[in-house]
Amino acid sequence: MATQKELDHCYDFVMKLTIESAKIIRDAIQGGKNIETKDGDWDLVTEYDKKIEEILIDGLVKEFPTHKFIGEETVSKTHVLPKLTDAPTWIIDPIDGTTNFVHSFPHACISIALAVNRELEIGIVYNPVLEQMFTARRGRGAYLNGKPIKTSDVKELRHSLICLEASYATIEETRDIILGRLEAFVTLAHGIRTLGSAALTLCYVAMGAAEVYHTDNLYPWDVAAGVLLIREAGGHVVDTSGDDFDLMKPRVLAMGNKKLAPELVKLIKLADIKTHRRRGSDKNTFNNYNGST
Ligand code: IPD
Ligand code: CA
Ligand code: CA
């Protein structure tokens, strides 16, 4: 159990540490970087991702020696995703939007959250390039640069701006599902955006700049802080299937308000059915083609 006073201390401490470490992003975004790949040619990491995670974890360990950590670059080294326990746990993405950072596209941030008893208590998403500091505490609202933010109350997809991720469409196995959903959204919505930072996109839903954010295939560090921001700003986050959201297996359907949920879940299901039918007919075409040669 953490008292409000303990959480206040965690919040003040991590805010200072985040602002300090984010100077690295601001100073390095325009320059050259050593780029390595992780899960594929599209999954980039730089020396700055590693450096920031090291600074954040070192600082937090000194101040809170009993706390646990789930950090992207640490997990990348061990290939083991730790279990979320009741212990206070910091969930860290040192740079969310690394591809943007590599290309000097100014949407990159530090995303850091604290979970206690498996409940998100603190969420901070900071883009030092555009000086956007998004913060949330459970039960205390969500803020951008200290001013309260609130999600959109648009209740229909045809009046919505919908954000998606295109990155996983580079992988052949997931491509047609993602493109099928994109086709469904494009047909209906006011517009589609794909920003390249899950954490910042969740914050844009939290501030009412977009109505929806959807993607599967993410990790806890991409979404932990942003999910708390959306909840505290009055929005709603569920699993892509419409079931409860699972932070440790995040398939994200985040929206400005609950009323959008049934339409979204139905649309994704229909898009997937259409994709599976197309897959089937592609297979038949292929079989027929083989058979006739
Ligand atoms: C990525 C970003 C991106 C999403 C990728 C993530 P990273 O995180 O959030 O928007 O499409 O799936 O991996 O690698 O920049 O921390
Ligand atoms: Ca990330
Ligand atoms: Ca990252």
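Quick note: structure is the one above.
Residues numbered from 1 in each chain as written. Chains lettered and ligands numbered in written order. Predicted model: local features only at pLDDT ≥ 70, side-chain atom pairs only at ≥ 80, totals over all residues. Heavy atoms only, no water.

Student: Could you give an account of the packing of aromatic side chains, with specific residues and numbers?
Tutor: All told, the structure shown has five aromatic pairs when counted by the stated rule. Here the aromatic rings of Tyr 48 and Phe 101 are separated by 5.8 Å at their centres, their planes lie at 85°, and the arrangement is edge-to-face. Separated by 53 residues along the polypeptide, Tyr 48 in helix α2 (residues 47–63) and Phe 101 in helix α4 (residues 98–102) bring together distant segments of the chain. The class of Phe 101 is buried, set by a relative accessible area of 0%. Following the ring pairs from residue to residue traces out a cluster consisting of Phe 13, Phe 64 and Trp 90. (Phe/Tyr/Trp six-rings, centres within 6.5 Å; stacked < 30°, edge-to-face > 60°. Helix = DSSP H or I, 4+ residues; strand = E, 2+ residues; numbered from the N terminus. Buried < 20%, exposed > 50% of the residue type's maximum accessible area, 1.4 Å probe, protein only.)

Student: Which residues make up the nonpolar core, and what values do they have?
Tutor: In terms of nonpolar packing, the biggest core is built from 42 residues, with Val 125, Phe 134, Tyr 213, Leu 229 and Val 252 touching the most fellow members. Listing elements by their share of this core, those giving two or more residues are β5 (109–116), β6 (119–127), β7 (132–137), β8 (142–144), α6 (198–206), α7 (220–232) and β14 (252–255). With residues near it in sequence (within four places) discarded, Val 125 still touches Cys 109, Ile 110, Ser 111, Gln 132, Met 133, Phe 134, Ala 199, Leu 200, Cys 203, Ala 225, Gly 226 and Leu 229. If you look at the next biggest cluster of nonpolar residues, it comprises 30 residues, including Ile 24, Leu 56, Ile 57 and Met 133. (Core = buried A, V, L, I, M, F, W, Y, C linked by side-chain atoms within 4.5 Å. Contact = heavy atoms within 4.5 Å.)

Student: Any chance you could break down unusual backbone geometry for me, citing the residues and the numbers?
Tutor: A positive phi is found at Glu 131, a non-glycine position, where the angle reads about 50°. The phi dihedral of Asn 217 falls on the positive side, at around 65°, and the residue is not glycine. Inspection of the secondary structure puts Asn 217 in the loop between β12 (212–215) and α7.

Student: Mind laying out the site of ligand 1, listing which residues take part and the relevant values?
Tutor: Inspection of the region around ligand 1 gives 14 residues, with Asp 96, Gly 97, Thr 98, Glu 165 and Ser 167 positioned closest. Separating an oxygen atom of ligand 1 from a backbone N or O atom of Ser 197 is a distance of 3.2 Å. For ligand 1, the protein covers 90% of the area, taking 380 Å² as the surface of the free molecule. Here the residues of the shell around ligand 1 are counted per class, giving four nonpolar, five polar and five charged. (Near = heavy atom within 4 Å. Polar contact = N/O pair within 3.5 Å; in protein donor to acceptor, adjacent residues only side chain to side chain. Areas by Shrake-Rupley, 256 points an atom, 1.4 Å probe, with all protein chains shown as cover. Nonpolar A, V, L, I, M, F, W, Y, C, P; charged D, E, K, R; others polar.)

Student: How would you sum up the side chain of Thr 240? Please name residues and give values.
Tutor: Here Thr 240 is to be found in the loop between β13 (236–239) and β14. On the basis of relative accessible area, Thr 240 is assigned to the buried category, the value being 4%. Here Asp 216 takes part through its side chain, which lies 2.6 Å from a polar atom of the side chain of Thr 240. Those residues in contact with Thr 240 that sit more than four places away from it in its chain are Arg 181, His 214, Thr 215, Asp 216, Arg 251, Val 252, Leu 253, Val 265 and Ile 268.

Student: Explain the side chain of His 107 to me, and be specific about the residues and the numbers.
Tutor: With respect to the helices and strands, the residue His 107 is situated in the loop between α4 and β5. If we skip the residues at most four places from it in the chain, His 107 touches Asp 96, Gly 97, Asn 100, Asn 127, Leu 130, Leu 195, Ser 197, Leu 200 and Tyr 204.

Student: Report on the coordination of the calcium ion (ligand 3), specifying residues and quantitative values.
Tutor: Every protein donor of the calcium ion (ligand 3) is accounted for by Glu 72 (OE), Asp 93 (OD) and Ile 95 (O), and the metal-donor separations fall at 2.1 to 2.3 Å. For the calcium ion (ligand 3), the donor residues sit on a single chain with the sequence spacing E-x20-D-x1-I. Here the calcium ion (ligand 3) and the calcium ion (ligand 2) are spaced 3.7 Å apart, linked through Asp 93, which binds each one. Here Asp 93 lies in strand β4 (residues 89–96) and Glu 72 lies in helix α3 (residues 72–78), a separation of 21 residues in the sequence. Using a relative accessible area of 13% as the deciding quantity, one classes Glu 72 as buried. (Donors = N, O, S within 2.8 Å, 3.2 Å for Na, K, Ca; no water.)

Student: I'd like a rundown of a nonpolar patch on the surface, residues and numbers included.
Tutor: On the surface, a nonpolar cluster with roughly 230 Å² of combined accessible area is contributed by Leu 179, Leu 182 and Val 186. Residue placement: Leu 179 occurs in helix α5 (residues 172–188). Judged by relative accessible area, which is 42%, Leu 179 ranks as partly exposed. (Patch = residues over 30% accessible without salt bridge, like charges linked within 9 Å, V, L, I, M, F, W, Y side chains within 5 Å. Salt bridge = Lys/Arg side-chain N within 4 Å of Asp/Glu carboxyl O.)

Student: Mind laying out helix α1 (residues 4–28), listing which residues take part and the relevant values?
Tutor: Taking 1.5 Å as the rise per residue, α1 with 25 residues should run 36 Å; its terminal C-alpha atoms sit 36 Å apart, in good agreement. Along α1, the residues classified as buried are Leu 7, Cys 10, Tyr 11, Val 14, Met 15, Leu 17, Thr 18, Ser 21, Ala 22, Ile 24, Ile 25 and Ala 28. Contacts from the buried residues of α1 go to α2, β4, α4, β5, β6 and β7. (Expected span 1.5 Å × (residues − 1).)

Student: Help me get a handle on the sheet that holds strand β10 (residues 161–164), residues and values and all.
Tutor: Strand order in the open sheet made by the five strands is β11-β10-β12-β14-β13, with mixed pairing throughout. The sheet is open, and its two edges are formed by β11 (191–193) and β13, each paired on a single side. Taking each pair of neighbouring strands and ignoring which way they run, the sheet shows an average axis angle of 20°. Note that β10 and β11 share three bridges and pair parallel. Residue pairing in the sheet places Cys 163 in a bridge with Arg 193 of β11. In the packing of α6 onto the sheet, contacts are made with β10, β12 and β14, and the angle to β12 comes to roughly 150°. (Pairing = 2+ DSSP bridges. Axes fitted to C-alpha atoms, helices over the stretch in contact; angles between N-to-C directions.)

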